[in-house]
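Reading the structure
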Amino acid sequence: MSLLVVGSVAFDAIETPLGKVDRTLGGAASYFALAASHFTPVRIVAVVGEDFTKKEEGVFRGRKINLDGLERASGKSFFWSGRYSTNMNERTTLATELNVFANFRPTLPVSYRDSRFVFLGNIDPTLQRSVLRQMKSKPKVAALDTMNYWISGTPEALRQALKDIHVLMINDDETRQLTGEHNLLRAAKAVFKMGPRTLVIKRGEHGALMIHEKFIFSVPAFPLEEVHDPTGAGDSFAGGFMGYLASVGRIDEPTLRSAMVYGSVVGSFTVERFGVERLANVTRRELAARARRFSKLTAFRL
Ligand code: AMP
């Protein structure tokens with residue numbers, strides 16, 4: 001089934017204990033779309049500047065990624081720069097230059113308006129809402145990501161946006177900040193009252209936890225000896241998760257559980273190299289092999 005993503009397409013400068021890149025393709029929508037395209041066709045809504053060339057476009061072309069909704073504006077693309085400490089869970093944002101992203105008003109091409117699965121990447125909640133309003137009919141699954149900036153800065157707009165959302169995908173700090181509850185199970189109950197009936201908590205190297213009204217499911221992160229660059233792991237997770245759901249077209253419990261595993265599988269490839277490099281060249285075979293290893297990693301007898 002059709003899958004739409006709205007979010008940032010950016011240039012990133014990244015420094016980790018294992019290396020440094022000055023300018024590489026990044027942005028939440030880039031990671032999401034590349035991840036999801038391994039499972040299903042994806043439609044992107046984002047804005048880029050004049051510095052976004054055929055070279056960057058080439059990363060998306062030749063895959064099942066529709067760029068009709070990629071707006072070109074005059075000026076520079078969104079630029080983000082970050083540095084990771086030795087434990088890689090901590091990151092310092094060195095620069096956020098919104099550039100053309102500052103005036104981004106997502107407009108859905110008519111051909112996108114029937115999308116059945118929608119991922120609202122981390123942008124202004126008012127814009128996230130405006131995307132849902134442009135849809136011809138309510139999507140089967142709408143998922144939303146957000147961050148501390150919007151949780152504390154525009155809480156009312158976020159509350160409004162959450163009313164029409166099925167799956168909220170955020171990290172544990174954001175979950176606690178949003179709900180005022182430290183305990184994640186209690187926090188989930190507070191989230192259910194806001195609208196979403198499923199909360200997916202991304203926990204970096206500790207994997208991810210799904211709290212659904214009727215069940216809980218936990219998936220580890222794949223144990224890797226070397227993590228080169230954790231940037232985009234969360235968006236890749238979301239892409240694998242939503243891409244898998246859209247490819248199956250159902251959201252029953254077994255499908256949601258598998259989607260969590262595929263999210264973690266894709267995220268684990270992203271962090272193996274800087275930027276989107278590994279995510280862009282991982283094969284179906286490698287994804288399937290790692291999914292089998294997840295099955296072994298977590299199997300046990302009662
Ligand atoms: P993640 O590591 O999953 O948080 O995603 C990192 C990506 O998000 C980077 O490629 C950045 O370009 C992008 N990013 C960073 N800050 C923002 C922001 N405020 N709004 C939208 N995208 C952002």
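A brief report on the enclosed structure follows. Numbering of residues starts from 1 in each chain and follows the order in which that chain's sequence is written. The predicted nature of this model means local features are confined to residues of pLDDT at least 70 and side-chain atom pairs, given and counted, to a pLDDT of 80 or more, with totals for whole chains, interfaces and linings taken over all residues. Calculation of side-chain values draws on the structure's entire complement of heavy atoms; hydrogens and water are dropped beforehand.

**Comments concerning helix 6 (residues 172–179)**
Relative accessibility thresholds used throughout: buried, under 20% of the residue-type maximum; exposed, over 50%; partly exposed, between the two (1.4 Å probe, protein chains only). For helices the rule is a DSSP run of H or I covering at least 4 residues; for strands it is a run of E covering at least 2, with both sets numbered from the N terminus onward. Those residues of helix 6 that fall on the buried side of the exposure criterion are Asp 172, Glu 174, Thr 175, Leu 178 and Thr 179. The buried residues of helix 6 all sit within an arc of 160 degrees when viewed along its axis, so they share a single face. Residues of helix 6 that are buried in the fold lie against helix 4 (148–153), helix 5 (155–162), strand 10 (167–171), helix 7 (184–194) and strand 11 (198–202). Nitrogen and oxygen atoms within 3.5 Å of one another constitute a polar contact, given that in protein one can donate a hydrogen and the other can accept it, and given that sequence-neighbouring residues count only through two side-chain atoms. Its side-chain oxygen 3.1 Å from the backbone nitrogen of Asp 173, Asn 171 forms the N-cap of helix 6. Where helix 6 ends, the next residue or the one after it, Gly 180, has phi of about 75 degrees, a positive value. Taken from the helix axis, the directions to the C-beta atoms give the arc we talk about. The contact definition used throughout considers only heavy atoms, calling two residues in contact when any of these lie within 4.5 Å.

**Looking at the site of the ligand**
Working definition: residue near molecule or strand if any one of its non-hydrogen atoms lies within 4 Å of it. Taken together, 17 residues form the shell around the ligand, and within it Ser 8, Asp 12, Gly 27, Gly 232 and Asp 235 come nearest. Ser 8 is positioned with one of its side-chain polar atoms (N or O) 2.9 Å from a nitrogen atom of the ligand. Here an oxygen atom of the ligand sits 2.4 Å away from a polar atom, N or O, in the side chain of Asp 12. Against a free-state accessible area of 510 Å², the protein chains account for coverage of 83% of the ligand. Going through the elements one at a time, strand 2 (10–16), helix 1 (28–36), strand 6 (78–84) and helix 8 (233–248) are the ones with two or more residues in the shell around the ligand. Throughout, the Shrake-Rupley method with a 1.4 Å probe supplies accessible areas, and for residues the shown protein chains are the sole cover considered.

**Notes on helix 5**
Leu 158, Ala 161 and Leu 162 are the residues of helix 5 that are buried. Each buried residue of helix 5 sits inside an arc of 95 degrees when the element is viewed along its axis, so together they form one side. Where helix 5 is buried, its residues contact helix 3 (125–134), strand 9 (141–144), helix 4, strand 10, helix 6 and helix 7.

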